Amino acid sequence: MNYKIENGKLTIFLDGRIDSSNADAVEKEITALRDKNSHDVLVLDMDDLEYISSAGLRVVLRLKKTETSFSVINASSDVYEIFDMTGFTEIIDIKKAYRRISLDGAEVIGQGANGKVYRINDDTIVKVYLNPDSLNDIKRERELAKKAFVLGIPTAISYDIVRVGDGYGTVFECLNAKSLAKLVAAEPEKLDYYLDLYVDLLKKIHGTVVKEGDMPDMKETAVKWAEFDKEYLPKETGDKLLALVNAVPKDNHMLHGDYHLKNVMMQNGEALLIDMDTLCVGHPVFELGSMFNAYEGFASLDPTISPSFLGIPHELAVKVWEKSLAKYMGTDDKEKLTETENKAKIVGFMRLLRRSIRRGGLNDGKMKKEIDFYIEQLVLLLEKTDALV
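Residues numbered from 1 in each chain as written. Predicted model: local features only at pLDDT ≥ 70, side-chain atom pairs only at ≥ 80, totals over all residues. Heavy atoms only, no water.

## Re the pattern of salt bridges
Piece 1. Applying the stated criterion across every chain yields a total of 23 salt bridges.
Piece 2. One salt bridge connects Lys-327 with Asp-192, and the closest N-O pair in it is separated by 3.6 Å. With Lys-327 in helix α11 (residues 314–329) and Asp-192 in helix α6 (residues 191–206), this residue pair connects regions lying 135 residues apart in the sequence.
Piece 3. The residue Lys-368 makes a salt bridge to Asp-372 at a minimum N-O spacing of 2.9 Å. One end of the pair, Lys-368, and the other, Asp-372, are both in helix α13 (residues 365–383), 4 residues apart, so they sit about a helical turn from each other.
Piece 4. The exposure class assigned to Lys-368 is partly exposed, which follows from its relative accessible area of 30%. (Salt bridge = Lys/Arg side-chain N within 4 Å of Asp/Glu carboxyl O. Helix = DSSP H or I, 4+ residues; strand = E, 2+ residues; numbered from the N terminus. Buried < 20%, exposed > 50% of the residue type's maximum accessible area, 1.4 Å probe, protein only.)

Here it is, written out as structure tokens:
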């Protein structure tokens, strides 16, 4: 009988069958594991259990009576039905197993910091989280997506959670939808048309007020980035960066947090937002900083990143950023656009500097060049910038 003990939670993995022929032996083995491992919570994982008889149910019931905190997870449909018919689901926390799917041959249509998005057929996409223990993250993203949808943001809604290998994914219905990245790559002559839709959706997001506390505050995260970077920047630069971030006013308007062409899908002429785990609130400069990174920042020293990340050439990625900014600001005034872009660059490079340092870049030759470049850019930009808003 396999088991694991983490932070006071003892999880015991059951497989095969539990019936009158082995129920006593199973109970003795569970008891031995309970006695051997001090714990506050006991969980029975029935992912590989095919059948449980009344004798097995009695074992479960005795565990319920003797444990302070007890639950059952990953019960198959057949096993869950037995628990349900006998009334066990009313007295014990029993969770049904998630459907398993294979991604063999599936097309990758998007990728972010937390996971990849695959198309599994014409009608369906699935986001698979990189962290195998991601159920809480998935549930959080689903809640954020629902809140955005209720507030009028066109977004794909998750209707199922599935198991993918050792991890989890969330399934969305996107009937014949294609990402704007794929459409722009296929029809660059229609770039302005697609960017009009792209920017209109961005303005709709930024024009939406969110109830206090319903979504994370991006400013709080940005302040932490600045506090971290301050230790690696020249003192005057670091002090100014932190002061400028702190000076950004609190704002309860919605931000996507990772807004780029791969996270917007076209379905029946409508732009739909996907990958909602980064939803937050805050000043638009934080969104613009993230967008700058997607199109230019990440690829500052390596233009080949754009094709691998966005699926479009670097030159086109730069054009998307420049045109998007002009359409968003509603101006072709180069001085105004440069001023705004510099503010976005400060936010973007601030985030990239922290990211590279936290990934051990100070001890890696290639990443150390990136870190030096980000520091150089921040010094230059902050010399001529007195506000981020």
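## Brief notes about the layout of surface pockets
Piece 1. Computed from the structure, the second largest pocket encloses a volume of approximately 900 Å³.
Piece 2. If you trace the second largest pocket, you find 30 residues lining it, with Lys-9, Asp-45, Ile-73, Asp-133 and Tyr-168 closest to the centre.
Piece 3. Only β1 (2–6), β2 (9–18), β3 (41–52), β4 (70–75), β5 (93–96) and α4 (135–150) provide two or more residues apiece to the lining of the second largest pocket.
Piece 4. Looking at which element gives the most residues to the lining of the second largest pocket, the answer is β2, with 5 residues. (1 Å grid on protein atoms, 1.4 Å probe; cavity = no way out; pocket = protein on both sides within 12 Å on 5 of 7 lines; lining within 4 Å. Points joined across faces, edges and corners; volume = space filled by probe spheres on them.)

## A word on the pairing of strand β10 (residues 158–164)
Piece 1. In terms of burial, β10 is a largely internal element, 5 of the 7 residues being buried.
Piece 2. As judged from the 2 bridges shared by strand β6 (residues 99–100) and β10, these two strands associate in the parallel manner. Paired with Arg-100 across the strands is Arg-163, a residue of β10. (Pairing = 2+ DSSP bridges.)

## Observations regarding unusual backbone geometry
Piece 1. Even without a glycine there, the phi angle at Asn-74 is positive, about 60°.
Piece 2. By relative accessible area, Asn-74 is classed as buried at 7%.
Piece 3. Although it is not a glycine, Asn-268 adopts a positive phi angle of roughly 55°.

## Re the side chain of Glu-296
Piece 1. On the secondary structure map, Glu-296 appears in helix α9 (residues 284–297).
Piece 2. Buried charge without a partner: Glu-296 forms no salt bridge, and the closest opposite charge is Lys-345, 5.4 Å away. (Lys, Arg positive; Asp, Glu negative; His and termini not counted.)

## So, the sheet that holds strand β14 (residues 264–267)
Piece 1. An order of β12-β14-β15 is seen for the 3 strands of this open sheet, with the pairing classed as antiparallel. The open sheet terminates on both sides in strands that have one partner only, identified here as β12 (178–179) and β15 (270–273).
Piece 2. As paired strands, β12 and β14 are joined by 2 bridges and run antiparallel to one another. By the bridge assignment, Lys-178 is partnered in β14 with Met-266.
Piece 3. Strands in contact with α6 are β14 and β15; relative to β15, the strand with the most contacts, it is inclined by about 50°. (Contact = heavy atoms within 4.5 Å. Axes fitted to C-alpha atoms, helices over the stretch in contact; angles between N-to-C directions.)

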